[in-house]
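A look at the structure
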Amino acid sequence: MVERGFAKASLATPTRRGRAGFAGTVAKVTEMKTLVIAEKPSVARDLVDALPGSFENNDSYYESEDTIVTFAVGHLVELINPEDYDDRFKRWRMADLPIVPEEFKLRARDKKAEKQLKVIHKLLKREDVDRLVNACDAGREGELIFAYIYETSGVDKPVERLWISSMTKQAIREGFEQLRPGEQLRRLEAAARSRSEADWLVGMNATRAATIRGRAWVGGVVSLGRVQTPTLALMVKREREIQAFVPEPYWLVHAQFDPRYEGLWFEGDETRLKEGKRAEAIAAKVSGADGVVESVERKEQSERAPLLYDLTSLQRDANRRFGFSARRTLQAAQSLYEDKKAITYPRTSSRWLSGDLVAQLKPTAATLAPIGEYAAAAQYVLGLKQLPLGRVVNDSKVDDHHAIIPTDVEHDLDRFSPDERRVFDLVARRFLAVFHPPARYARTTVVTLVEEERFRTRGKVTLEAGWRGVYGLESDEDKKARQDEDTENESAELPALEQGQKVKCAVAEVEAKETKPPPRYTEATLLSAMETAGKLVDDEELREAMKERGLGTPATRAETIETLIRREYIERVAKDLQPTPKGLQVITMLEEHPLTSPELTGDWEKRLTDIEHGGDDRKAFIDDIAEFTRATVEKIAALDKEKLRPERVELGPCPRCGAETGEIIKENSKAYGCTSWKSREEPGCGFVIWKRVAGRTLTPEIARQLLEEGKTKEVISGFRSRAGKPFRARLVLNGEGKVEFDFPARTQTKEAAVAE
């Protein structure tokens, strides 16, 4: 028995038992009990710690005099598989598709889930339980978890909803004082069920159809889905752009002037010269020649603080700054929310706060003031007579949950893991920065004329650090700009130059360059693309307006990326995400099918949001999804099997037997092997380079380098050891035709081994 350190109060509804809140003592007038169902065991423990009374721990639930607290373990219940409706669906046949149940049925997810589900059902059916509180996570998926548990129990008891955005004791207590009637969440439940059923209809049917039609060429089950497939299509489109890219040469002309400053040749809006001879001629013409400062333009510019974080923007920043995967960021944020009570609910899509939080903002800043690295910024916020709330508070842009901010409790950073510390740092600095004034800059553009050729020089001086002072003066964007080789350097210091001033071009030099293909997606850029359904949107405000039509939700995007990796459709290569040959083949198979359309899936996501708010009809949505599923099956069934046959590259003569037999190395589904192989009984010379080496796919280009050079040109990232640790190495083809790792000198490791 655990005694709580505050006065006991009833959780009963006012009409049945009277509510005095958590401040006073209420006499017991009945033995009826309230059953509270949390989403996880850890959350149940937090609720018990915050609620009044003494609770006895019964392993699968906690019980006090008038309250029982139990828990799910995430999704305990799921929609049953097609074969559970009818045995004939155990065989995958195109003639049986599409499978559209008249009524969706449910089952426990697995044996472990079944055990806990039975416990909850037993508690739900207890005669002394007359009232339920849904305390699952306050969002669409939390609503679905409870709805499925409640439906499978068969009970009919009144339900109220706990809706909180923080796991502090105070927030939990206030949440129980302001429980919402279950009827208020019916639309959210409808959207949740619609999402689940739509994913089942599209995923089950499209996967079966694509597997039946394309298994021989793709290999194994061809898994398709409402969100994962258009996300994969985005990446394949980018990969094709990279593969089709033909670099073009261009030249830049840099000049050094006296007094000491530099300039870049330009003409109109163009700084690139397409002819090397012309670039050399310009450099020769202006070197040593006199010039004049044609113009000096000085402008003041300001830059506002970025909006507060939602989950997707937090994941993007953590990936850019620390290389965190979206899942890693979510795990750290979830732990900071549930375990450390340090931040508010992280699975939010809003970057604004609601008006009722204004009174908490300064107390929240005060909790950061004792922490050294935040002290100055926090004291600035605390010293403001009136907080600037224009880019912080907007009730119309807060739906289920507000933006992620620190909680107003003491923060013990020593308890944080390294990942939690970094994610908390992002949230804390962003919270403080949003109350600081804009950063102000003086930007100077100088145009220098030499022998009728113009050179541009840019300078930038910080006049007022503003919100950037919370971080340091240079942003990630500035660093990226400096690293971009074509970007003109913005010097912090320029000599005092005036229009008409005579100068001398000390020397001019030509730099030969090549155009570069578009970059592969990182998790940060892929999350941005998912948020805007594939549209290239850099502007923060415009991206906000497009959120409702994104691919998936902030809470599901990380898992979508991990699902694509788990199914070997994409892989991590250093910081990049890259489609595998299998992923490329899946999209090739579906070419131009609406299932690959990010815009279509984005429209579905908007309809789910509309269902949640009463602007669309659940039945109409599911009917449309069912019709789309029928069309999808028909289109996949009509695919020509021969057209599905993937193009296999030929890499040249076999190094083992090609000189004598004329056999070549040709790509197949799993390797680059000698064409002398006919079967296991007739293996030929046996030369092979496997496509998968230490968890990384070897592209045809890498295989070609091994055959022609005996090693890869560069050290390659993206390998993983047997222990799962990432490493880099050059690949070498040894004298026996086996692929080995050649580790960089400064990272020699015992993991060097022959790749089989």
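Our next topic: the overall build of the chain. Helix and strand content of the chain: 23 helices and 28 strands. Its C-alpha atoms give the chain principal-axis dimensions of about 100 × 80 × 55 Å. Taking all 756 residues of the chain together, 51% fall into the buried category. A total of about 36,700 Å² of accessible surface is found on the chain, and carbon and sulfur atoms cover 48% of it.

This next bit is on the nonpolar core. Judged by nonpolar contacts, the single largest core of 76 residues is most densely connected at Ile149 and Leu224. Beyond its immediate chain neighbours, meaning those up to four positions away, isoleucine 149 contacts Ala72, Leu76, Val77, Leu117, Ile120, His121 and Leu124. Counting residues in each nonpolar core, the second largest holds 66 residues, with Val43, Leu51, Leu426 and Leu432 among its members.

Once that is clear, we can look at the environment of glycine 175. Residue placement: glycine 175 occurs in helix H5 (residues 169-177). Residue classification places glycine 175 among the buried residues on the basis of a relative accessible area of 8%. Remark: the alpha-carbon pair of glycine 175 and alanine 135, spanning 40 residues in sequence, is separated by 9.8 Å.

Turning next to the sheet that holds strand S3 (residues 61-63). Spatially, the seven strands line up as an open sheet ordered S2-S3-S4-S1-S7-S8-S9, and their pairing is mixed. One side of each edge strand has no neighbouring strand; the edge strands of this open sheet are strand S2 (56-57) and strand S9 (180-181). With two bridges connecting them, S2 and S3 associate as antiparallel partners. Considered in S3, the bridge of asparagine 57 is made with tyrosine 62. Packing against the sheet, helix H1 (residues 41-50) makes contact with strand S1 (33-38), S3, strand S4 (67-71) and strand S7 (129-135), and its axis sits at approximately 160 degrees to S4.

So, about the sheet that holds strand S22 (residues 688-690). Strand pairing within a sheet occurs via backbone hydrogen bonds; the two strands may be parallel or antiparallel. Spatial strand order, S19-S20-S21-S22: four strands in an open sheet with antiparallel pairing. Each edge of the sheet is formed by a strand with only one pairing partner; in this case those strands are strand S19 (650-653) and S22. Strand-to-strand twist across the sheet, computed as the mean angle between neighbouring axes with direction ignored, equals 15 degrees. Note that strand S21 (residues 671-674) and S22 share three bridges and pair antiparallel. For alanine 671, the partnering residue across the bridge sits in S22 and is tryptophan 690. Each of S19, strand S20 (664-667), S21 and S22 touches helix H23 (residues 700-709); the most contacted strand, S19, lies at about 10 degrees to it.

Our focus in this paragraph is the pattern of salt bridges. According to the stated counting rule, one finds 57 salt bridges in the structure shown. A salt bridge links arginine 320 to aspartate 317, with the nearest nitrogen and oxygen atoms 2.6 Å apart. Taken as a pair, arginine 320 and aspartate 317 lie in helix H9 (residues 311-322) at a separation of three residues, close to a single helical turn. The class for aspartate 317 is buried, based on a relative accessible area of 6%. The salt bridge involving lysine 691 is made with glutamate 667; its shortest N-O contact spans 2.6 Å. Within this pair, whereas lysine 691 is found in the loop between S22 and strand S23 (692-693), its partner glutamate 667 is found in strand S20, the two being separated by 24 residues in sequence. Both residues of the pair, lysine 691 and glutamate 667, belong to the buried class. Salt bridges linked by common partners bring Arg140, Glu141, Arg195, Asp199, Arg226 and Glu605 together as one network.

This paragraph deals with the pairing of strand S14 (residues 453-464). Bridge count between strand S11 (residues 261-266) and S14: three bridges; the pairing is antiparallel. Of the residues in S14, the one forming a bridge with leucine 264 is arginine 456. Bridging between strand S13 (residues 439-450) and S14 involves 11 bridges; their strand directions are antiparallel. Within S14, the position partnered with arginine 440 by the bridge is glutamate 464. As consecutive antiparallel partners, S13 and S14 are separated by two residues, and within that stretch glutamate 451 has a phi angle of approximately 50 degrees, a positive value.

Below, the discussion takes up the packing of aromatic side chains. Tallied over the entire structure, the rule returns 17 aromatic pairs. Geometrically, the ring pair formed by phenylalanine 146 and tyrosine 150 is stacked, given 5.8 Å between the ring centres and 15 degrees between the ring planes. Within this pair, phenylalanine 146 and its partner tyrosine 150 are both found in helix H4 (residues 140-153), separated by four residues, close to a single helical turn. Ring centres of phenylalanine 431 and phenylalanine 435 lie 5.3 Å apart, and the angle between their planes is 80 degrees; on these two criteria the pair is classed as edge-to-face. For the pair phenylalanine 431 and phenylalanine 435, one class covers both residues: buried. Linked through ring pairs, Phe719, Phe727, Phe741 and Phe743 together constitute an aromatic cluster. Seen from the ring of tyrosine 521, arginine 238 lies directly overhead, with NZ or CZ sitting 4.4 Å from the centre. It is arginine 272 that lies over the ring of tyrosine 250; its NZ or CZ is 4.1 Å from the centre.

Thresholds applied
Residues numbered from 1 in each chain as written. Predicted model: local features only at pLDDT ≥ 70, side-chain atom pairs only at ≥ 80, totals over all residues. Heavy atoms only, no water. Helix = DSSP H or I, 4+ residues; strand = E, 2+ residues; numbered from the N terminus. Buried < 20%, exposed > 50% of the residue type's maximum accessible area, 1.4 Å probe, protein only. Areas by Shrake-Rupley, 256 points an atom, 1.4 Å probe, with all protein chains shown as cover. Core = buried A, V, L, I, M, F, W, Y, C linked by side-chain atoms within 4.5 Å. Contact = heavy atoms within 4.5 Å. Pairing = 2+ DSSP bridges. Axes fitted to C-alpha atoms, helices over the stretch in contact; angles between N-to-C directions. Salt bridge = Lys/Arg side-chain N within 4 Å of Asp/Glu carboxyl O. Phe/Tyr/Trp six-rings, centres within 6.5 Å; stacked < 30°, edge-to-face > 60°. Lys NZ or Arg CZ within 6 Å of the ring centre and 35° of its normal.

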